[in-house]
Amino acid sequence: MGRTDSSGVHKPRSSGSAGTAENAPVLNEVSFQDMIAFERKRSERSGRVYALILVGTRDSMPRGKRETLLGKIGPVLTALTRDTDITGWYRSGSIIGVIFADIDSADKDAVVPVIVARVTDTLSENLTLEELSQISITTNCYPENWQDKTSRPSNPALYPDLALRDQSRRVAIVIKRIRDIVGGLVAIVLFAPLILAVAIAIKLTSKGPVFFRQERIGQHGKPFVLLKFRSMFMGNDTEVHKQWFESFYTGNARRHPTDDDKGNGTFKLPNDPRVTRLGRLLRRTSMDEVPQFFNVLKGEMSLVGPRPPIRYEVDAYKAWHRGRILQAKPGITGLWQVNGRSRVAFDEMVRLDLRYARTWSIWLDIQILLKTPAAVFFGEGAY
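First, a word on scope: everything that follows refers to the structure included in this document. Quick caveat: nothing in here was measured; it's all calculated off a predicted structure.

1. Observations concerning the pairing of strand β8 (residues 223-229)
Right, on to step 1. Within β8, five of the seven residues are buried, which leaves the element mostly enclosed by the surrounding structure.
Right, on to step 2. Relative to β8, strand β7 (residues 211-217) runs antiparallel, the two sharing seven bridges. Paired with R216 across the strands is F224, a residue of β8.
Right, on to step 3. Hairpin connection from β7 to β8: five residues lie between these consecutive antiparallel strands, with H220 at a positive phi of about 65°.

2. A closer look at helix α7 (residues 239-249)
Note: α-helices contain 3.6 residues per turn, so residues at a spacing of three or four share the same orientation.
Right, on to step 1. Taken as a whole, α7 has its buried residues at H241, W244, F245, F248 and Y249. Projection of α7 onto a plane perpendicular to its axis shows the buried side chains occupying an angular sector of 135°, all on one side.
Right, on to step 2. Looking at the buried residues of α7, the elements they touch are α10 (311-316) and α12 (346-359).

3. Observations regarding the layout of surface pockets
Right, on to step 1. Estimates place the volume of the second largest pocket at around 400 Å³.
Right, on to step 2. Taken together, 18 residues form the lining of the second largest pocket, with R40, K41, E44, Q327 and R358 sitting closest to its centre.
Right, on to step 3. When contributions to the lining of the second largest pocket are tallied by element, the ones reaching two or more residues are α1 (29-46), α5 (160-168), α11 (323-326) and α12.
Right, on to step 4. In terms of residue count, α1 provides more of the lining of the second largest pocket than any other element does, five residues in total.
Right, on to step 5. Of the residues assigned to the lining of the second largest pocket, the class counts are eight nonpolar, two polar and eight charged.

4. Looking at unusual backbone geometry
Right, on to step 1. Following Y142, the chain continues into P143 via a peptide bond in cis, with omega recorded as 0°.
Right, on to step 2. Tracing the sequence through the fold places P143 in the loop between β6 (135-142) and α5.
Right, on to step 3. The phi angle at H220 is positive, at roughly 65°, despite the residue not being glycine.
Right, on to step 4. One non-glycine residue, S286, adopts positive backbone phi at about 65°.
Right, on to step 5. The buried category is assigned to S286, whose relative accessible area is 11%.

5. Quick notes on a positive patch on the surface
Right, on to step 1. A cluster of basic residues, K41, R45, R355 and R358, forms a positive patch at the surface.
Right, on to step 2. Elements represented by at least two residues in the positive patch include exactly α1 and α12.
Right, on to step 3. By the element assignment, K41 lies in helix α1.
Right, on to step 4. The exposure class assigned to K41 is partly exposed, which follows from its relative accessible area of 49%.

6. A look at the pattern of salt bridges
Right, on to step 1. For the structure shown, the criterion picks out 15 salt bridges.
Right, on to step 2. For D102, the salt bridge identified is with R48, shortest N-O distance 2.5 Å. Residue D102 is found in strand β5 (residues 95-103), and its partner R48 is found in the loop between α1 and β3 (49-57); the two are separated by 54 residues along the sequence.
Right, on to step 3. Within this structure, K176, R179, D180 and D365 form a network of salt bridges that share partners.

7. Some remarks on the side chain of T122
Right, on to step 1. Examined against the element boundaries, T122 turns out to sit in helix α3 (residues 108-126).
Right, on to step 2. Among the polar contacts listed, one links the side chain of T122 to the backbone oxygen of R118, at a separation of 2.7 Å.

8. Regarding the packing of aromatic side chains
Right, on to step 1. A full pass over the atoms with the stated rule returns five aromatic pairs.
Right, on to step 2. Here Y142 and Y159 contribute two aromatic rings whose centre-to-centre distance is 6.3 Å and whose plane-to-plane angle is 80°, an arrangement assigned as edge-to-face. Within this pair, whereas Y142 is found in strand β6, its partner Y159 is found in the loop between β6 and α5, the two being separated by 17 residues in sequence.
Right, on to step 3. For the pair Y317 and F346, a centre-to-centre distance of 5.7 Å together with 50° between the ring planes defines the contact as tilted. Taken as a pair, Y317 in the loop between α10 and α11 and F346 in helix α12 lie far apart in primary sequence, 29 residues in all. Per residue, the accessibility class of Y317 equals that of F346, and both read buried.
Right, on to step 4. Chaining the aromatic ring pairs together yields one cluster made of Y50, Y142 and Y159.

9. What to know about a nonpolar patch on the surface
Right, on to step 1. A cluster of nonpolar side chains, namely V174, I178, V182, V186 and L190, defines an oily patch on the protein surface of about 470 Å² accessible area.
Right, on to step 2. Note that I178 resides in helix α6 (residues 170-205).

Procedures and definitions
- Residues numbered from 1 in each chain as written.
- Predicted model: local features only at pLDDT ≥ 70, side-chain atom pairs only at ≥ 80, totals over all residues.
- Heavy atoms only, no water.
- Buried < 20%, exposed > 50% of the residue type's maximum accessible area, 1.4 Å probe, protein only.
- Helix = DSSP H or I, 4+ residues; strand = E, 2+ residues; numbered from the N terminus.
- Pairing = 2+ DSSP bridges.
- Arc of directions from axis to C-beta.
- Contact = heavy atoms within 4.5 Å.
- 1 Å grid on protein atoms, 1.4 Å probe; cavity = no way out; pocket = protein on both sides within 12 Å on 5 of 7 lines; lining within 4 Å.
- Points joined across faces, edges and corners; volume = space filled by probe spheres on them.
- Nonpolar A, V, L, I, M, F, W, Y, C, P; charged D, E, K, R; others polar.
- Patch = residues over 30% accessible without salt bridge, like charges linked within 9 Å, V, L, I, M, F, W, Y side chains within 5 Å.
- Areas by Shrake-Rupley, 256 points an atom, 1.4 Å probe, with all protein chains shown as cover.
- Salt bridge = Lys/Arg side-chain N within 4 Å of Asp/Glu carboxyl O.
- Lys, Arg positive; Asp, Glu negative; His and termini not counted.
- Charge placed at Lys NZ, Arg CZ, Asp CG, Glu CD.
- Polar contact = N/O pair within 3.5 Å; in protein donor to acceptor, adjacent residues only side chain to side chain.
- Phe/Tyr/Trp six-rings, centres within 6.5 Å; stacked < 30°, edge-to-face > 60°.

Structure (structure tokens):
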């Protein structure tokens, strides 16, 4: 039986223990990828970390040699694991993976390198130099470090189930993109006179540019520049909204200063002194968001999807919150906007976005689009 030492480092199974390498199962590709998703959810609940180590072979290897080499690697990897760890085919016939689960997050930086070194050393002891030259070893940890300001902080290796789901929806995804392009073009043409009128009104009523540009975080954590009509005075401090978001995120925000129920906070800051008089009207009617149709045409957003967050919002997210931007492209409208809009608590907003991502269909998008005009007209939760 596998074990760990006092630091949490994995010790290999002894040859005489129950569950030796010869008896331990190597899961098939479907089962192993299901376990990757399962361990993600378990990690989100427990706050602990898991490491996914993948050992692959070069594509240029003849099939027979590859099968022989992987046949040697499987038992070696299995012998390193505890009973709570999982060995399986990440990609049948070419990549074997091991999930080293239940690592204390505080010890991750110390424990994971030791695990990797042990895997590398053990493979070196059991394979020839020629065989070692034919393999690659990659390490992936969940939750990921999203403080890294790369173009895509999310690691595709940790989400094979989502890639498979997108593949099964590929026809619907193409239809959605075509609808976004057509819908975006039609909206821009129809709103053209209004866009011109709003632009003139903004220039006449306050100093500054017509459009407001802000970095937002899109699908898979990829940043993009969101376009809106400017609704605020120039030279505002973003710290005001950042503090408000922290209150909303923790459930301590109030719709009104006299509201005793802290859970009734809105996402948007009510009575924001930074907003111009015209800006209040634009926000109340959601007209400030019309320029986002250009983001839709560029493919950065969809007509329907989760609201795109600001970077400091994402920095505050728990691991499970990130699913709202991992699993769906952000949209102008969405399930959250037509089900309470800004008056929905943060965690409920995330659950609505996750439900949308899981159950998404062309018909669901149509239903949301049909409900959006009423949500905008009544302006519930808009500030």
